[in-house]
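Below are the chains, spelled out letter by letter.
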Amino acid sequence: MNISVELTFSPLQDDFEEHIINFIKKLRASGITILENPLSTQVYGEYDAVMEVLNQEIKTAFELMDRGLLYMKLVKSDRSDYEPHF
């Protein structure tokens, strides 16, 4: 089963940029398909593979900061090829 996940990661502390950059770099290195934009990061792939990476990297990111917030939306389909029709 393929999924699409949208992540918005917000460390709630002054040194937030470093935490966001490290989190995205870890996702890039994982081998799963990701798309980035200024407001969020989208992750695409097979459910178990994506969730395994996210489980590990979210836990690591949270352990490295004092306070943080992560919004996550999951869709049951691979939407990586989506193009607006307007």
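Note: the structure precedes this text.
Here goes a summary of the coordinates provided. (Residues numbered from 1 in each chain as written. Predicted model: local features only at pLDDT ≥ 70, side-chain atom pairs only at ≥ 80, totals over all residues. Heavy atoms only, no water.)

### Quick notes on a nonpolar patch on the surface
Consideration 1: A cluster of nonpolar side chains, namely Met1, Tyr47, Met72 and Leu74, defines an oily patch on the protein surface of about 370 Å² accessible area.
Consideration 2: Locating Met72 in the fold gives a position in strand E4 (residues 68-75).
Consideration 3: Of the residues examined, Met72 reaches a relative accessible area of 35% and is grouped as partly exposed. (Patch = residues over 30% accessible without salt bridge, like charges linked within 9 Å, V, L, I, M, F, W, Y side chains within 5 Å. Areas by Shrake-Rupley, 256 points an atom, 1.4 Å probe, with all protein chains shown as cover. Salt bridge = Lys/Arg side-chain N within 4 Å of Asp/Glu carboxyl O. Helix = DSSP H or I, 4+ residues; strand = E, 2+ residues; numbered from the N terminus. Buried < 20%, exposed > 50% of the residue type's maximum accessible area, 1.4 Å probe, protein only.)

### Section: the nonpolar core
Consideration 1: In terms of nonpolar packing, the biggest core is built from 16 residues, with Val5, Leu7, Phe23, Leu27, Val43 and Leu54 touching the most fellow members.
Consideration 2: Counting only elements with at least two residues in this core, the list comes to strand E1 (2-11), helix H1 (16-29) and helix H2 (47-63).
Consideration 3: Residue contributions to this core peak at five residues, all from H2.
Consideration 4: Other than its neighbours up to four places away in sequence, Leu54 contacts Val5, Leu7, Leu27, Val43, Lys59 and Met72. (Core = buried A, V, L, I, M, F, W, Y, C linked by side-chain atoms within 4.5 Å. Contact = heavy atoms within 4.5 Å.)

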